[in-house]
Structures are given as structure tokens and as C-alpha cells.
Amino acid sequence: MLFDLLGVTPQALFSQLLLGLINGSFYAMLSLGLAIIFGLLNIINFTHGAQYMLGAFGSWMLLHYTGLNYWYALFLVPIAVGFTGVILERLLISRLYHLDHLYGLLLTFGLALIIQGLLRNEYGISGKPYAIPEQLRGGQNLGFMFLPNYRAWVIAVSIVVCFGTWYMIERTRLGAYLRAATENPTLVNAFGINVPLMITATYGFGVALAALAGVLAAPIYSVHPNMGADLIIVVFAVVVIGGMGSILGAILTGFGLGLVEGLTRVFYPEASAVVIFVIMAIVLLVKPAGLFGRTV
Amino acid sequence: MTDIEKTADGVADLQITQSAHGMPHHHRMIFLALLVVALIAPFTLYPVFLMKVLCFALFACAFNLLLGFGGLLSFGHAAYFGAASYVSAHAAKVWGLTPELAILTGTLAAAVLGVVFGSLAIRRQGIYFAMVTLAFAQMIYFFSLQAPFTGGEDGIQAVPRGRLFGLIDLRSDFTLYFVVLAITFAGILFIYRIIHSPFGQVLKAIRENEPRAVSLGYRTTQYKLAVFVLSATLSGLAGATKALVFQIATLTDVHWSMSGEVVLMTLIGGMGTVFGPIAGAVVIVTAQNYLAGFGAWVTIIQGAIFVTCVLLFRQGIVGVLARLLRKPL
Amino acid sequence: MRKTTTTAAIALLAGLAAGAATAEISVKIGVLNDRSGLYADLTGEGSVIATRMAIEDFGAAERGISVEVVSADHQNRPDVASTVTRQWIDVDGVDVIVDVPTSSAALAVNDIVRERQKIFLVSGAATSDLTGPACSPYTVHWTYDTWSLANGTGRAMVEVGGDTWFFLTADYAFGHALERDTSAVVEETGGQVLGVVRHPFPGQDFSSFLLQAQASGAKVIGLANAGGDTVNSIMQAAEFGIVQAGQSLAGLLVFITDVDALGLDDAQGLVLTEAFYWDLNDDTRAFSQRFAELGNGNMPTMIHAGVYASVLHYLKAVEAVGSADSDAVMAMMKEMETDDPLFGQGVIRTDGRKVHDMYLFRVKSPDESTGRWDYYELLNTIPAEVAFRPIEDGNCPLVQ
């Protein structure tokens, strides 16, 4: 009845909402990582998209060269990519903390170009197929729609990881140090907590989150060197909409915008690629600090 | 005061002391030398390549007006460059306008876009400003992908160069070169005037210390918007001209990598310097041209230049030269 | 004395003859295609190899024609294609541009060669506009086009009952042309087009588009895309159980390299139209064997075959004319019948269309296949006379 009124089938509506939720899972994980890094390091990590791509490529390489399957990749790849993040932070990014934050943006942009270029040279631009793990193949016919098992898994993992991170930061002692260091690093350092180490670890963790998102994405999207480049810009918009103030804000905005995008695809598909940017413009007009942000 | 401002400042200070007496002597000499080189160049080098350098030099100078003198890092200048490119291509091809009117139409489109996006973007500062401009540019990218008149992935092809003022046939690369040279030079001189006008002084004051400028009674938002719109408009002029040179307007012009390229040109040349962006454009366009056969190496090298510039070479080529010569360039 | 004179005269004549043989005609061929992207496997380096094979088989060196080959990557972007073409013609003295997949890029090159009066041998690009409204006196469209694909695969699908269609179209010149030409065939044979969705090129995630196609309820989902895009669409359709739910997929342009990438499990049963298959006869097998050894072991696609045959025919015309003058060579190419081991005998029409037989294949099941590259079963040969759009229907300005 309602569906007749709207002129769409329930199947079309729910399937697109589901796809929106999957995109939202990636937005949430990526904007969460950006928010954590920004909170402590005060840089916008433009390399985030490339690190997401490294996660996907990492799982492809692991399978292709060593034969280790998806389940190994799920743990090994985020650790490995997170470790490269630690090295980047120690070697390069840490040299810029005394400068304008914009230099951090430019540096990480340059790094993203290098990483993407190197992989493009080696593997070309066309996608590498990565099969869905056997245990997660097939799907459930829910009556109103067909739900592939793997997509359900992605949503579940993303929700667990996002809220786990939120819990860790907002409810544990380690998280308390982190929040304190975000507010006043000098004071926290004076209390005998090793802030530089914490900064490095935070960057590594944020990068590992991006890589985990990449591993999850590998079986859905074809694995190719530019897969993160366009996504990261959408995530920037997500971050602007949510505001950098809160971890929960980043998560909720991510999922929410994914759903909005899915809805747009049902009712006005042509606008689905721009809807997030339009929302961003509106938020800037009404609440420049973002939905969850503190005024800057 | 941030480092970007510091770098620009040292140079700008010196400039201002001399600019009271019109253009300083050595600037006049450099402009003259550049003009002579530009007039001789097409006799030995491929004019289409040179025109590309000129268009990007203007684009980088326009961008530098915003970054180097306004202190605002936009990561979405491809939007104005590319939108103008599309509009002027459409105007020349579909509406059949003469080239000068097509370029004017494209430039106007960029100006309008600059007003709309600029008034929203300047509500945020610093990194947020960069992200917002980037997101707006991506919006233009998707618009260009789907709007009926932009031709999607095909772009607008076979744009006629037409006759300048209905008289001079521009089909010859050689003739067109001098037209492009005139446009670029006029654009760059105009930017030079802006920087050294009272308006430019206020910009500098805002960049150094916005609250102080506000307390002195300046409406800083209006100044920031004005420099944003000027920069967008001149970027549009570069894009509109480029569309006629290559007779094509495509998604490449509005893609975010174009925004990155212009940042790179300004950074390597020396932001906040008068001649830096020109040097940056020459270096990057030449590198692209000679490395074109090496696939993704262009991207890798550009990335490496970014990293090197940010870590070790923040003043850029011309910035370093200016320090060595102890003269603002 | 007389003897000396005679000897001198003979020497002079011999000298002249030798001079004629060594007064080399030099030709520069530019192979412009996708060398790193989603069409790199079906064009790419393979087209350069095919070009060199044609030069060698023609015996260019022995016939006094020195040929130089240059190649470049246009990244499937029309602006890059147009910049490279200009530079090749204006600065590097390239006489003939070969291959150029990606219709948007090919149309850009087509405009420049028309203006600069250089020859363009298209094998990779598909849009039938190249011999229609955009036709040029200097362009030959060799291998296939969107009309011939629609006429092959589209017609075959409607004939087995697939009379309602929904298109998943790559959003650029090629996709649009393929969708247009196939819609015409579907409607002409009594079918109906229910809807269209256009995806970005190159695409990544096709799931939302596939679900739109599924919601339309059409019997056939026509994939008006190519290369990696087609491969991904077919794989994601499998993930969402679209074929099991009763709709069928029509891959309107599928190459043998795509079938190889998909694997027979996913590709079996696809009906497709090609101008060439390595396992057609002894000549094609011999060519393909050599090609595979020179390259990375892949069998040639029809695009590679078209590059070989078109370069061979071009060189024959250059020899016959005795120069690389574009107008004279093109006149000769259209006057001479074409004859090569891969496409047999054929002609080039006034509008630049090369005509030859086309083949309708069905992809074998894993059981039927004897090994890698044994993929196709021949369903039907579409004779040259009806395989391509009639010349009067194309609206080519050269024909009127």
C-alpha cells in the first residue's frame, strides 16, 4: 500500500537500503579512523584512502603469493599496514608537528600519490578479483530481498569494530589518557605518560582501521590501486558533516549517510553521487561546526 | 603565526617596502625577460606544449593569490578551472560564440561558482576549509559526469577555435599561441596589481592576525570572499583558454588530481612569491610531458616532489632564489 | 669503348633499380591504446605485437619500406588520446594511428586525423558512429562495431524468447552506441526495452545497478559495457543470485580474455558475437600460436587480429602506391580487395567500414572444454553482407 504510493517495490527499497548500509559501514570505519588521528595528531590523513586500498591489496597479495586466505588476512593485514603507518609517522609525519596543519595534509597527499602510483606500476589499474571466502558464500532469501551472506558479515564486523573502538576510547583508562592528551598534551606528558608514543600508536591504530575496511572491501569491490582515492573524498565530506568533535558522531554520521545515499538511489538515482555533498553544503549553512562537532 | 604565513611574509614584507614606487626595477626586468623568452619560444618549441605551460602558469598564479597571499588552502580549484573549461567549450561549440566571448562566458561561470562555494567555504578555516573546497569540487565532478551538456566520459570534443573577434582564424597553433600568451600575461599582471594594491595589504593583515584586522574595523569575511572569487575567476580564465587550445573539455579538468597538481606547482615554485607559480608550472608540465611514456611514474614523482617540498623545501624554487638574492621575487 | 659504355649503362640502370629499391619509403605507425587499464588485456601490448607481426609477415624491409612503430597509453581518456595524437602527427611525423579502443578516445582521434589528413585504422573502438555521422575519409573501421554486436547477440537473444530488456550501460560513447543499436534490434524484432541504468566508467560496484535491473522484471539484462566492467557485472550478478532468479544476462561485448578472467563456471552459456576466434582454422591457429609465444601466452582477441590485418592491408597499399601519401594510400586501400589469413577476403566501403563474416559463439561449459582457451562453440556464421549496417543507413556524409 505504502509502496504503491511511493511507486517502488519493497524489494527495490530494502535492497538499496542494504547496499547503503554497507557503504555506510565503510564510511563509518574510515571516518572513525580519520577522527581519531585528527583528534590527537591534528592532521588530516589524506593517505587514509591509500591505506584502505593497501588493506585490500594486502589480502590479495597474501592469497596470491603465500596462499593465506581471507581469515588470515583479516588479522595479519591490518597489523602489517598499521605497522607501515607507525613507520610513516615516526619517519615523516612527526617532523611536521611544529608547522601549520596544512603541511600534514600536503605530506599525506603526496604519500598517497606515491603509494597509488607504485601499485599502479606494478599491477596496472584494472581490478584484481578476490573471491568471497567459502564460509560466507551464498545468501538468504528474506522474502522481500536477497541478502548475500558476505554483505551481512561486513555490516556486522563494522558495527562491532566501530562500537568496540568507541567503548575503548570513552570507557577505558587507556581511552581516558587519550582523551586527556587530545585536550592538553603538555600536561599529560608532565604526568609521566609517554605522549609521543601514544601519538604513534594512535596513528598506527587509525591506519589499521582503514586497512581492515580494505580487507572487508576486497571481496565486494574489485581490488585496484585507485579504489581508495575517490572514496576518501566522500569520507572527508562525512567528516565535515559529522564534525570532528566526537567519536560517536563519526560512526553515526557514517552509517546514516550510507542509508541516505541508498534511499536516494531508489527515488532519484542520478543524484546518489552528489547527495552527501549537498547535505554537506546545507550543514555548513546551518551548523558550520558539523552535526556533532564543537565550535572551532 | 603559522609557517605558511611566515614563509610568505618574509617575502611579502620586502615587496611592500618597494611597491610604493610602482613595480620594482628587478620585477620589471623579469617580466620583460619572460616576455622575450615567451615570444621566441614558439619558433623552436612545439606551440601546443607551450600553450599548456601558459594556461597552467596562469592557473597556478591564480591559485597562489588565494594560498600565498590570502593564506587559504583550497583543495578544489579544479572545480573553477574545469567548469570554465566546460562552459567555454559548450559556448564555442553549441552556441557558436567567437573565442573571446566563449572564454569570457567560461570565466564568468567560474566567478559565479566562486561566489557560491566561496561564501560557504569561508565559514570554516584551516584544514576544514581545505576539505570543504575539496568536497565541493567533487560535487562539480559528479555534476560534470552526469549533466547532459558535458558529455560524461566523452567530454565536449571537437571544440572549434573559431575566429578571434570574428576576424583572425585561430586554427593555426602558431597564431593561437600569441593570443594565449596575451591572455596569460594580462592575467598575471592583473594578479600582480591585486597583490600590491591596498586590498592586498588588508589581505596580508587578515592572514597575519584576523582578530586584529577585525578590531581595526575590516570586514574580514568580505575580503576573504573577494580574494576567493578573484582566484576562482582567474582559474576559470585559464581553464576556458585551455579548452580552446586543446579543443576538448573532459573530466580530467574537474578531477581532484587537477586540484592536487596546481597545489604542487605552487608549492614547488614557491608559494607567496610572484614568479614561483610560473616556475612551478614550467617544471611540472615539462616533467609530465617527458615522463608521459612511463605510466604511473608521473604520479609517483609528483608524490615524491610533494613529500620533499613539504619536508625540506618549503620555500620552493623561487623562494630559495629570493633568499639567496636577498630580493623578493 | 662501346663495351665500357654498355657496362656503364647497365651499371647505371642497376644503380637506378637498386636506388628505387633502397629509396626507401618510410612509414611511422603509432599504436595508441590502453596499456594499463581495464582494456589493457584485450588491446594493450598485444596490439603492438600484432603490428610487428604484420610488418614482418609483409616483409616490409625486403620490399624497401622502412617501418617504425611507436606506442602510447591513452588511459582511456579522450583528452590524453587527443594530446598524444597531435604530438605524434605535429612533432614526431606519425603517418598512421592504429587500434585506439574506448570509443570516446577514438572519436577524439578521429577528429584530429580528419583535420591533419592522416590515416586512422580503428580496431579497438566499437561505436558505429565512426562509419556513421562521424565518418572520415581517412578512417577505416576494421574489426567490429556496436551495430554488428547488436545484430549478432541482440537478435539471437530475442529469437530464443528474451523479448523484454533492461540495459546496464557504461556511461560513455561506446555504451550509449551499443545500447542504442541493440535497442533498435530488440524493438525491430518485436521486443521491448523496459529501462536503462548508466554506470560510471570504469565502474567498481555494480550491485545497486544490478538490483535496479532486477527490480525492472525484464527477461534480459543487457550489459552494454566491456572488459573489466563486464567481468565485474557478471560476477556481482552471480553474488546476488540474479541468474538463478530467472533473468538472463546478455554480454553484448565479451572478449576471449574476459571469458578467461571470469572462468567457465561463471561464463558458461553466454552467447557472444566476435569477428575472430583463434580456433577457427589452420591459419588462425598458426597466427595465434605465434602471437601467444611472442606475448604473455594469451590468445589474441579479435582486436589484435584486426590490428594485424589492417596494418598488413595498409602496407600493401603503401607498396602499391609507392609512397605514404594519405590520400593516395587510402584510395588504394579502398580499391584493393583485402586478403589476409585471419579474416579472408573482404572490402573496405566508402564510409570506411571493413566488412567480413561475423560469428555467433556460445561459451562452453567446463565439461565441454578441453583446456585453457578452448572456450567457444560456433553457433552461427553471420555472412559479411548482413553482418554490418547497410551503408545507406549510417548517415555518413561521405556516402551521400
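Residues numbered from 1 in each chain as written. Chains lettered and ligands numbered in written order. Predicted model: local features only at pLDDT ≥ 70, side-chain atom pairs only at ≥ 80, totals over all residues.

Peer 1: Go over the overall build of chain B with me, naming the residues and quoting the values.
Peer 2: Each helix and strand counted, chain B has 14 helices and two strands in total. Computed over the C-alpha atoms, the radius of gyration of chain B is 19 Å, within 12% of the 20 Å expected from 2.2 N^0.38 for a compact globule of 329 residues. Across its three principal axes, chain B shows a C-alpha extent of roughly 50 × 45 × 40 Å. Within chain B, the proportion of its 329 residues that are buried is 57%. Contacts spanning at least 24 positions in sequence make up 78% of the contacts within chain B whose residues lie at least 6 apart. (Helix = DSSP H or I, 4+ residues; strand = E, 2+ residues; numbered from the N terminus. Rg over C-alpha atoms; globule rule 2.2 N^0.38 Å. Buried ≥ 20, exposed ≤ 12 C-beta atoms within 10 Å, placed from the backbone. Contact = placed C-beta atoms within 7 Å.)

Peer 1: Lay out unusual backbone geometry with the relevant residues and their values.
Peer 2: Residues and elements named next belong to chain C. The phi dihedral of aspartate 99 is positive, around 85°, even though this residue is not glycine. Examined against the element boundaries, aspartate 99 turns out to sit in strand 3 (residues 96-99). Although it is not a glycine, valine 100 adopts a positive phi angle of roughly 50°. Examined against the element boundaries, valine 100 turns out to sit in the loop between strand 3 and helix 4 (103-116).

Peer 1: Let's hear about the packing of helix 5 (residues 101-123) of chain A against helix 6 (residues 126-146) of chain B: which residues, and what values?
Peer 2: Where helix 5 of chain A meets helix 6 of chain B, the closest approach of the two axes is 8 Å, and the angle between their N-to-C directions is 40°. By the angle between their directions, the pair helix 5 of chain A and helix 6 of chain B is classed as oblique. Across the interface between the two elements, A:His101, A:Leu102 and A:Leu105 from helix 5 of chain A touch B:Gly126, B:Ile127 and B:Ala130 from helix 6 of chain B. Class assignment for the residues of the contact of helix 5 of chain A with helix 6 of chain B results in four nonpolar, two polar and no charged. (Axes fitted to C-alpha atoms, helices over the stretch in contact; angles between N-to-C directions. Parallel < 35°, antiparallel > 145°, perpendicular 65-115°, else oblique. Nonpolar A, V, L, I, M, F, W, Y, C, P; charged D, E, K, R; others polar.)

Peer 1: Just give me the short version of the interface of chain B and chain A, but keep the residues and values in it.
Peer 2: Each side of the interface is counted separately: chain B has 38 residues, and chain A has 36 residues. Counting residues per element, the ones that place at least two in the side of chain B that touches chain A are helix 1 (3-19), helix 6, helix 11 (256-269) and helix 13 (297-312) of chain B.

Peer 1: Summarise the packing of helix 5 of chain A against helix 13 of chain B; cite the residues concerned and give the values.
Peer 2: Between helix 5 of chain A and helix 13 of chain B, the shortest axis-to-axis distance is 7 Å and the interhelical angle comes to 155°. The angle between helix 5 of chain A and helix 13 of chain B falls in the class roughly antiparallel. The crossing of helix 5 of chain A and helix 13 of chain B is left-handed. Together, A:Tyr103, A:Leu106, A:Leu107, A:Phe109, A:Gly110, A:Leu111, A:Leu113, A:Ile114, A:Gln116, A:Gly117, A:Leu118 and A:Asn121 of helix 5 of chain A and B:Trp297, B:Thr299, B:Ile300, B:Gln302, B:Gly303, B:Ala304, B:Phe306, B:Val307 and B:Val310 of helix 13 of chain B make up the contact between the two elements. Here the contact of helix 5 of chain A with helix 13 of chain B is composed, by residue class, of 14 nonpolar, seven polar and no charged. (Left-handed = near helix turned anticlockwise from the far one by under 90°.)

Peer 1: Report on the sheet that holds strand 4 (residues 119-122) of chain C, specifying residues and quantitative values.
Peer 2: Residues and elements named next belong to chain C. The parallel open sheet is built from five strands, whose spatial order is 2-1-3-4-5. At either end of the open sheet lies a strand with only one pairing partner, and these are strand 2 (65-73) and strand 5 (139-141). For this sheet the average axis-to-axis angle between neighbouring strands, irrespective of direction, equals 20°. As judged from the four bridges shared by strand 1 (residues 25-33) and strand 3, these two strands associate in the parallel manner. Bridge pairing in strand 3 links isoleucine 29 to valine 96. (Pairing = 2+ DSSP bridges.)

Peer 1: Let's hear about the interface of chain A and chain C: which residues, and what values?
Peer 2: Put simply, an interface is often sized by how much accessible area is lost when its parts join up. The partner chain C presents 16 residues to the 19 residues of chain A that form the contact. Where the side of chain A that touches chain C is concerned, the elements lending two or more residues are helix 2 (10-41) and strand 2 (146-148) of chain A. Broken down by class, the residue content of the side of chain A that touches chain C amounts to eight nonpolar, nine polar and two charged.

Peer 1: Give a description of helix 5 of chain A that names residues and reports values.
Peer 2: Residue and element names in this part refer to chain A. For helix 5, built from 23 residues, the straight-helix expectation of 33 Å at 1.5 Å per residue is met to within 8% by its first-to-last C-alpha distance of 33 Å. Taking burial as the measure, the 23 residues of helix 5 include 18 buried ones, the bulk of the element. One or two positions beyond helix 5, positive phi appears at glycine 124, with a value near 70°. (Expected span 1.5 Å × (residues − 1).)

Peer 1: Can you tell me about the pairing of strand 1 of chain C, naming the residues and giving the values?
Peer 2: Residues and elements named next belong to chain C. Here strand 1 pairs with strand 2 via nine bridges, running parallel. Residue pairing in the sheet places isoleucine 29 in a bridge with valine 69 of strand 2. For the crossover that starts at strand 1, traverses helix 2 (residues 44-58) and ends in the parallel strand 2, the hand is right-handed. (Right-handed = clockwise from strand over helix to strand, strands pointing away.)

Peer 1: Tell me about helix 14 (residues 316-325) of chain B, residues and numbers included.
Peer 2: Along helix 14 of chain B, the residues classified as buried are B:Gly316, B:Ile317, B:Val318, B:Gly319 and B:Ala322. Where helix 14 of chain B terminates, the next one or two residues include B:Arg326, which has phi positive at roughly 55°.

Peer 1: So what's going on with the environment of C:Leu315? Which residues, and what values?
Peer 2: Residue and element names in this part refer to chain C. Relative to the helices and strands, leucine 315 is located in helix 12 (residues 302-321). Residue leucine 315 is classed as buried on the basis of its C-beta count, with 24 C-beta atoms lying within 10 Å. Between the C-alpha atom of leucine 315 and that of tryptophan 278, which follows or precedes it by 37 residues, the distance is 23 Å. In this structure, leucine 315 is in contact with Ala54, Ile55, Phe58, Ala60 and Ile65, ignoring residues within four places of it in sequence.

Peer 1: Break down the sheet that holds strand 13 (residues 354-355) of chain C for me, with residues and values.
Peer 2: Residue and element names in this part refer to chain C. Strand order in this open sheet of three strands is 11-12-13, and the pairing throughout is antiparallel. Each edge of the open sheet is held by one strand with a lone partner, namely strand 11 (338-340) and strand 13. In this structure, strand 11 lies alongside strand 12 (residues 344-348), joined through three bridges in antiparallel fashion. What sits directly across from aspartate 340, in strand 12, is glycine 344.

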